[in-house]
2 protein chains.
Amino acid sequence: MNRERASKQRPRSARPSHAIVLECVSPDLDAGRFAVKRVVGDRLIVGADVFKDGHDLIAARIRYRAPGENEWRYAPMTHDPTIDRWGGSLLLDTIGAWRYTVEAWTDVFGTKRSGLGKKIGADQVVALELLEIAQLVDVAARRSRFGEVRTALKTAAATLANDALSSAERASVALSPQLEALMAANLLPTDLTAYTREHTVWVDRERAVYGAWYELFPRSQTDDPARHGTFADASRALPRVAELGFDVVYLPPIHPVGTTNRKGRNNALVAGSSDPGSPWAIGNEHGGHDAVDPRLGTIDDFDAFVAAAATLRLEIALDYALQCSPDHPWLTQHPEWFFVRPDGTIKYAENPPKKYQDIYPLNFWCDDREGLWNACRDILTFWIEHGVRTFRVDNPHTKPFAFWEWVIDEVHREHADVVFLAEAFTRPKVMKHLGKLGFSQSYTYFTWRNSAHELRDYVEELAHGGAREYFRANFFANTPDILHEYLAHGGRPAFRIRLLLAATLGASYGIYSGYELCENVPLKPGSEEYLHSEKYELKPRDWNAPGNIQWDVAIINRIRRENRALHHFTNVSFHDSGDPNILFYKKSAPDADNQLLIAVTADPHATHETMVTVPVDSLGLGREQSYVVQDLLTGASYQWRGAQNYVRLDPGHQVGHIFRISRG
Amino acid sequence: MNRERASKQRPRSARPSHAIVLECVSPDLDAGRFAVKRVVGDRLIVGADVFKDGHDLIAARIRYRAPGENEWRYAPMTHDPTIDRWGGSLLLDTIGAWRYTVEAWTDVFGTKRSGLGKKIGADQVVALELLEIAQLVDVAARRSRFGEVRTALKTAAATLANDALSSAERASVALSPQLEALMAANLLPTDLTAYTREHTVWVDRERAVYGAWYELFPRSQTDDPARHGTFADASRALPRVAELGFDVVYLPPIHPVGTTNRKGRNNALVAGSSDPGSPWAIGNEHGGHDAVDPRLGTIDDFDAFVAAAATLRLEIALDYALQCSPDHPWLTQHPEWFFVRPDGTIKYAENPPKKYQDIYPLNFWCDDREGLWNACRDILTFWIEHGVRTFRVDNPHTKPFAFWEWVIDEVHREHADVVFLAEAFTRPKVMKHLGKLGFSQSYTYFTWRNSAHELRDYVEELAHGGAREYFRANFFANTPDILHEYLAHGGRPAFRIRLLLAATLGASYGIYSGYELCENVPLKPGSEEYLHSEKYELKPRDWNAPGNIQWDVAIINRIRRENRALHHFTNVSFHDSGDPNILFYKKSAPDADNQLLIAVTADPHATHETMVTVPVDSLGLGREQSYVVQDLLTGASYQWRGAQNYVRLDPGHQVGHIFRISRG
């Protein structure tokens, strides 16, 4: 036998605390590397696998800390034997970063108590068991606070050890709930085991998940296409947006617009003298990202505009587009922040063979990286100090991940209420990664998912896949860059369909102005660019033009506000419809008192009718029970029965139903 | 603007290497906490998500190290755009612990080269691009080894920078495969990024996954029930076991058996004077876990027995049961290794209200834990030095997890070929955890899964669930503790069915002796204990008794040896059968030249016939193609066509088919 090694090699994992295994704590994102996300008011459900060798009883609890607190708090966990898993929950009542983990320990007293009960039940002699329990109670007594508690424990220990008393008498003390409570409070565990990691849940304000967005160009809020609109004009446009029921007004960049290589109408390489330029070509002699385009007004005008929005319960979202026109002050102040070519010129943006000569990208890994990153952070701080709490971030996937993780954390440390929307139309893994890094929400592929089965698959993936813990969808139905051919070909019915889908599938959704007028002329056939794109010209509009769908927008936004089932994204379930063009889904509020059944056609051209399958079991309805569904869009009520019910959708008339169930 | 903070708060995540994201490296077990498992000769497939911001090209490779090596090796990875994932592989040609991780970097030259190609394709001016590439080639030249390589790079750089030459001429150098290879070898990445963790794959010898086990009590290998069998008797029993085609002979404990509180026949509380006692009550005045029961012979006799087995290509597996009879030497030598009760007595095993007075558990967390653990490790070392390389571990779930992780690692550091089989019939999470800690394989719930759908679900879970990376099944059809009522009621057909299932679903499987005689009388109705259990008495047997199924055993074990598809566990797929009693599955060898289709009835009472669905697509067979299947059990061949084919199974005659496919 190799006894020599015995003295050299000490057993590892030597602490008794290793006896308890604590695994698979949920929710978790990449082994604690990133925070999962919730909104204020949510209850965080924490789960864990907890076990040890042998037959001892175990106890477990959540250990957690609210933002800014130094003291740990605890929440109880219980064991669900059907899935052999421990669970508990805590209420997230403040925004910011919460920390949580799980602790477990051997329930020594409970184990002895349970063994005693079983032995008494089997009529076994329990003299030694009573003595063992007496010893344990004595330990607790010695560790307890002097006074009543210690006296009670001392008395119990003496009774348990007193063999002049009957076993039955002593056992009744050992098994009493009074002693159980005293022991739980006073016998501290000797093997308290914490999960190896602490996890973070980032808690946002509600707007990070739920909100109706409206994108408008302030400069187009003019009655005269020859006159550049101002913040004052834009303020006058706000009451209509508020009446339509939106929550957020998102503005493309409001900064001075570059003149060098300015793009003209319809993305012409050379601009006409009166062309306003793309607002994404940021910066000219009037300033850069912390300046206001003088054609829009002054910073005071902007402040007044934000204040006007606030009185209408609208919040303003700004564009955060980290790129510079050739005329941006940084090109002369900080040429070291850009890429330099072999001939000494600064490099414009390109994605070969495409060239973007009106835009210069920043070199985030330049030697003065620290100066550049801080300057980028300070832009956000500037606008936050002017009342902005929401940023739509332009193309974040072309800037370093490390920058986003750093800058979002920088902002959130002082302003936990700031919401960041990622405009990253790229590979799914990159889009999801931006969510992990801290973006509050993201644009999605929604505009390119138009058939019923594509929509169902995509929403299932986002709402029920692993990304639900950190990636939150904002379903924009159109943007200045995306006019999908479904809208181009489908006309007004298509616009009504996509609005209804975006607003009921997406807890956050948005439209870019003009959508309510069903604007759908592409630059050329097959293009997703608009003809006469507002990116390159002023675009005053007649909001009451024939065929507008403002009524749809207003009523759907009202329904959203009145039905909490539409304030969440992941609470959707899809149910069978006999027609592949008709999507049928349920949305339920967390406490189940607001249940919606929604049917929408995906076909803007033809009428479809079918039977849909109502999930009666999950709704608590009997298989043959009658109930009333009221269409919140029209007010009409229908008597339905059981699971199979009839739906008919005519794109020219009614593109969908939002049924609220009542147990009539 | 809050500029004060800027100077205080430095940007975090500041190194450029953070630009590349490396995630989800597979295989992985609990973020690298535990090793995944393979057997020698396997190819380890490594996958990873690798991406960064922007549009640069990326390169990635596996970095790995074989057991005992100090130098890292590398294997290339390629990108599969359909799933946006990188993958590569390496051959595991040695047993022991291999380490692996993934590295990635920006392919700076490839990115420039690709951009140049696109610009040339679009007829753009590329003068600056050529200069940029020249600069890069010059960097590589300066970093390269003096000599031919450096000269070649210097020449290329000069050509690229020479504006006296045509763009086309210079571009042809920039895009040449010669320069590509030179640059790949000489331009070291500046942002080489390693995955945050290294993972371990533990590589076993084949027996850890594939083997036919036979359990026998050496003391029963006697012709006279009054005479205790010896190792010499057991040696004479081995040729039959070898002829039956087994690989491993597993012996219940062979140590001196306790006399105090010895259990009598049929688990009687008081033993008769001639009762041999349970071999699991280990230890008496003749010694403990490192001694041989003198009734079996001496340690030399044991060595001779092991040698006799080896000549028959049988290996001996011993029982590792860490518990003591009241007469074990440790009770007097090391009373501190046991639990002591308030009256000073040593505590026997119990699981209230059950008592096991002939067994004393060890206190693994006693004050002399180190002495006890080392002594337990030394038991293994002792038997390893006597030629044992396989241990069946008794009830590991009642000993600390930390002990198993330590002791298996201790043994594997010096003897990587040792196989540990866990006998843990407990909650699935605990059984799986023992696999994570290092057990090579485990008993399973196989004996309690008897219907076709139960078997399918269970095997799917084990073979295709997450545990496949570390939990390996050994399908014992019976044990001295488990006579399932399916066997008790189903008689000989049931034994033939369960044998065929165990041996074809389980790459490792086993029977306990007597199975081949269809012994199936329970202690009492509904009990899983055998009447006259061999645990408590000697049991000589007539192996040629009528109704024996030795022919089945021998032919099935021969088929196992001849068909590599049966040497793996996870290579099973289930396919439809029209009859819920008939299980139909495919087993394929990794290189697909050994393809088996197996049909087994789960009903020992009635004949069933049905159509089964052959997975023609995965077999590379046409939908209407004819092919020949030969039943390896009978030799009979059948002409089949396409997917739907007919099967009839009569439990009194043929309980299943093992079809080998030939393209006849």
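Here the structure is a predicted model, which means the values were calculated and not measured.

Right, let's talk about the overall build of chain A for a bit. On a plain count of helices and strands, chain A comes out with 16 helices and 30 strands. The buried share of chain A, reckoned over its 664 residues, is 58%. Summarising the internal contacts of chain A: among those between residues at least 6 apart in sequence, 74% fall at separations of at least 24. As presented, chain A carries roughly 26500 Å² of accessible surface, and 51% of it is formed by carbon and sulfur atoms. Put simply, chain A has 75 plus and 85 minus side-chain charges, and the middle of one group is 5 Å from the middle of the other.

Right, let's get into the pattern of salt bridges. In this structure the tally under the stated criterion is 105 salt bridges over all chains. A salt bridge links Lys347(A) to Glu132(B), with the nearest nitrogen and oxygen atoms 3.9 Å apart. Placement of the pair is Lys347(A) in the loop between helix H9 (329-333) and strand S15 (349-351) and Glu132(B) in helix H3 (residues 127-143), with the two residues belonging to separate chains. Across this residue pair, the class does not change: Lys347(A) and Glu132(B) are buried. As a salt-bridge pair, Lys432(B) and Glu461(B) come within 3.5 Å of each other at their nearest N and O atoms. Placement of the pair is Lys432(B) in helix H12 (residues 428-437) and Glu461(B) in helix H13 (residues 452-464), with a sequence separation of 29 residues.

All names here are of chain A. Under the definition given, this model contains ten cavities of 30 Å³ or more. Considered as a void within the structure, the largest cavity measures approximately 90 Å³ in volume. Surrounding the largest cavity, 13 residues form its lining, Arg219, Pro253, Ile254, Pro279 and Leu296 being those nearest its centre. Among the residues making up the lining of the largest cavity, the classes are represented as eight nonpolar, two polar and three charged.

Here the focus is the relation of the copies chain A and chain B. Superposing chain A onto chain B takes a rotation of 180° plus a shift of 0.1 Å along the axis, which leaves an RMSD of 0.1 Å. Taken together, the rotation and translation describe the operation of a two-fold axis. For chain A, the residue whose C-alpha comes nearest the rotation axis is Ala31(A), separated from it by 3.4 Å. When you check the interface residues of chain A against chain B, 100% turn up at the interface there too, and the contact is symmetric in its surfaces.

Bringing the interface of chain A and chain B into the picture now. Listed per partner, the contact involves 78 residues of chain A and 78 residues of chain B. Across the chain A to chain B interface the summed buried area is about 7100 Å²; carbon plus sulfur atoms make up 50%. In this structure, the connection of chain A to chain B is made through 14 salt bridges. We note a salt bridge from Arg341(B) to Glu129(A), for which the minimum N-O separation is 3.1 Å. Inspection of the chain A/chain B interface yields 22 residue pairs in polar contact (both at pLDDT 80 or more). No other element matches helix H10 (residues 369-385) of chain A, which puts nine residues into the side of chain A that touches chain B. For the side of chain A that touches chain B, the residue count by class is 25 nonpolar, 16 polar and 37 charged.

Tyr320(A) and Phe475(A) are the most contacted members of the largest nonpolar core, which totals 162 residues. Per-element accounting of this core gives the leading share, eleven residues, to helix H14 (residues 485-505) of chain A. Residues contacting Phe475(A), with those up to four places away along its chain left out, are Thr444(A), Phe446(A), Tyr458(A), Val459(A), Leu462(A), Ala502(A), Leu505(A), Gly506(A), Ser508(A), Tyr509(A), Gly510(A) and Phe569(A). Tyr320(B), Phe338(B), Leu437(B) and Ala589(B) belong to the second largest nonpolar core, which has 161 residues in total.

Residue and element names in this part refer to chain A. What the six strands build is an open sheet, ordered S23-S24-S25-S30-S27-S28; its pairing is antiparallel. On the outer flanks of this sheet lie strand S23 (572-575) and strand S28 (637-641), each paired with one strand and no other. Recorded for the sheet is a direction-independent mean angle of 30° between the axes of neighbouring strands. Pairing between strand S27 (residues 626-631) and S28: five bridges, direction antiparallel. Within the sheet, the bridge partner assigned to Val628 lies in S28 and is Gln639.

Residue and element names in this part refer to chain B. One way to put it is that helix H10 (residues 369-385) packs onto helix H11 (residues 401-414) with a least axis distance of 10 Å and a crossing angle of 40°. As for the relative orientation of H10 and H11, their crossing is right-handed in sense. Across the interface between the two elements, Trp373, Asn374, Cys376, Arg377, Leu380 and Ile384 of H10 pack against Ala402, Phe403, Trp406, Val407, Glu410 and Val411 of H11. Class assignment of the residues belonging to the contact of H10 with H11 gives a composition of nine nonpolar, one polar and two charged.

All names here are of chain A. Mapped onto the fold, Glu454 is located in helix H13 (residues 452-464). Taking the relative accessible area as the measure of exposure, Glu454 reaches 30% and is therefore partly exposed. From its side chain, Glu454 meets the backbone nitrogen of Asn450 in a polar contact 2.9 Å long.

Further remarks concern helix H2 (residues 108-121) of chain B. For H2(B), which comprises 14 residues, the first-to-last C-alpha distance of 20 Å matches the rise-based estimate of 20 Å (1.5 Å per residue) to within 8%. Among the residues making up H2(B), those that are buried are Phe109(B), Gly110(B), Thr111(B), Arg113(B), Gly115(B), Leu116(B) and Lys119(B). Buried residues along H2(B) sit against S15 of chain A together with H3, helix H5 (167-174) and helix H6 (177-186) of chain B. Once H2(B) finishes, Asp123(B) follows within two positions and takes phi at roughly 60°, a positive value.

It is worth spelling out the packing of aromatic side chains at this point. Taken as a whole, this structure holds 70 aromatic pairs over all chains when the rule is applied. Summarising the aromatic geometry, the rings of Phe420(A) and Phe439(A) are spaced 6.4 Å apart at their centres and angled 85° between planes, so their arrangement reads as edge-to-face. With Phe420(A) in strand S19 (residues 419-423) and Phe439(A) in the loop between helix H12 (428-437) and strand S20 (441-443), this pair connects stretches of sequence that are 19 residues apart. Looking at Phe420(A), the relative accessible area reads 0%, which means it is buried. Measuring from ring centre to ring centre gives 5.4 Å for Phe425(B) and Trp448(B), while their planes differ by 85°; the resulting arrangement is edge-to-face.

In this section: the sheet that holds strand S24 (residues 582-588) of chain B. Backbone-to-backbone hydrogen bonds pair the strands of a sheet. The strands run either parallel or antiparallel. All names here are of chain B. As summarised here, the arrangement of the six strands in space is S23-S24-S25-S30-S27-S28, forming an open sheet in which the pairing is antiparallel. Two strands bound the open sheet, and with one partner strand each, they are strand S23 (572-574) and strand S28 (637-641). Ignoring strand direction, the axes of neighbouring strands in this sheet form an average angle of 30°. In this structure, strand S27 (residues 626-631) lies alongside strand S30 (residues 656-662), joined through four bridges in antiparallel fashion. When the sheet's bridge partners are listed, Gln630 is paired in S30 with Arg660. In the packing of H13 onto the sheet, contacts are made with S23 and S24, and the angle to S23 comes to roughly 140°.

All names here are of chain A. Put simply, helix H4 (residues 148-161) and helix H5 (residues 167-174) touch, their axes get as near as 8 Å, and they point 150° apart. Classed by the angle they form, the pair H4 and H5 counts as roughly antiparallel. Our pair here, H4 against H5, has a crossing hand that is left-handed. Mapping the contact onto sequence places Ala156, Thr159, Leu160 and Ala161 in H4 and Arg170, Val173 and Ala174 in H5. Broken down by class, the residue content of the contact of H4 with H5 amounts to five nonpolar, one polar and one charged.

Our focus in this paragraph is the state of the cysteines. Counted by the stated rule, this structure contains zero disulfides over all chains. Between Cys324(B), a cysteine without a disulfide, and Cys376(B), which holds the nearest cysteine sulfur, the sulfur-to-sulfur distance is 8.3 Å.

We now examine the confidence of the model for chain A. Of all residues in chain A, 97% have pLDDT values of 70 or greater, and the mean over the chain is 94. Two numbers describe this predicted complex: its pTM, 0.92, and its ipTM, 0.88.

Moving on, we get to the environment of Arg492(A). Residue and element names in this part refer to chain A. By secondary structure assignment, the location of Arg492 is in helix H14. With 425 residues separating them in the primary sequence, Arg492 and Pro67 have C-alpha atoms 48 Å apart. The residues contacting Arg492, other than those within four sequence positions of it, are Cys518, Gly547, Asn548 and Ile549. A polar contact of 2.9 Å, which involves the side chain of Arg492, links it to the backbone oxygen of Gly547.

Okay, the pairing of strand S18 (residues 390-394) of chain A next. Residue and element names in this part refer to chain A. The element S18 is extensively covered by neighbouring structure, given that five of its five residues are classed as buried. In S18, alternate side chains face the same way, and those of Thr390, Arg392 and Asp394 on one face and Phe391 and Val393 on the other are all buried. Relative to S18, strand S13 (residues 315-320) is paired through four bridges, and the arrangement is parallel. Within the sheet, the bridge partner assigned to Ala317 lies in S18 and is Thr390. Pairing of S18 with S19, which is carried by five bridges, proceeds in the parallel orientation. Directly across from Asp394, in S19, lies its bridge partner Glu423. As a crossover connection, the stretch from S18 through helix H11 (residues 401-414) into S19 is right-handed.

Quick notes on the rules
Residues numbered from 1 in each chain as written. Chains lettered and ligands numbered in written order. Predicted model: local features only at pLDDT ≥ 70, side-chain atom pairs only at ≥ 80, totals over all residues. Heavy atoms only, no water. Helix = DSSP H or I, 4+ residues; strand = E, 2+ residues; numbered from the N terminus. Buried < 20%, exposed > 50% of the residue type's maximum accessible area, 1.4 Å probe, protein only. Contact = heavy atoms within 4.5 Å. Areas by Shrake-Rupley, 256 points an atom, 1.4 Å probe, with all protein chains shown as cover. Lys, Arg positive; Asp, Glu negative; His and termini not counted. Charge placed at Lys NZ, Arg CZ, Asp CG, Glu CD. Salt bridge = Lys/Arg side-chain N within 4 Å of Asp/Glu carboxyl O. 1 Å grid on protein atoms, 1.4 Å probe; cavity = no way out; pocket = protein on both sides within 12 Å on 5 of 7 lines; lining within 4 Å. Points joined across faces, edges and corners; volume = space filled by probe spheres on them. Nonpolar A, V, L, I, M, F, W, Y, C, P; charged D, E, K, R; others polar. Least-squares fit on C-alpha atoms with pLDDT ≥ 70 in both. Buried area = accessible area lost by both parts, 1.4 Å probe. Polar contact = N/O pair within 3.5 Å; in protein donor to acceptor, adjacent residues only side chain to side chain. Core = buried A, V, L, I, M, F, W, Y, C linked by side-chain atoms within 4.5 Å. Pairing = 2+ DSSP bridges. Axes fitted to C-alpha atoms, helices over the stretch in contact; angles between N-to-C directions. Left-handed = near helix turned anticlockwise from the far one by under 90°. Expected span 1.5 Å × (residues − 1). Phe/Tyr/Trp six-rings, centres within 6.5 Å; stacked < 30°, edge-to-face > 60°. Parallel < 35°, antiparallel > 145°, perpendicular 65-115°, else oblique. Disulfide = S-S within 2.5 Å. pLDDT = per-residue confidence, 0-100. Right-handed = clockwise from strand over helix to strand, strands pointing away.

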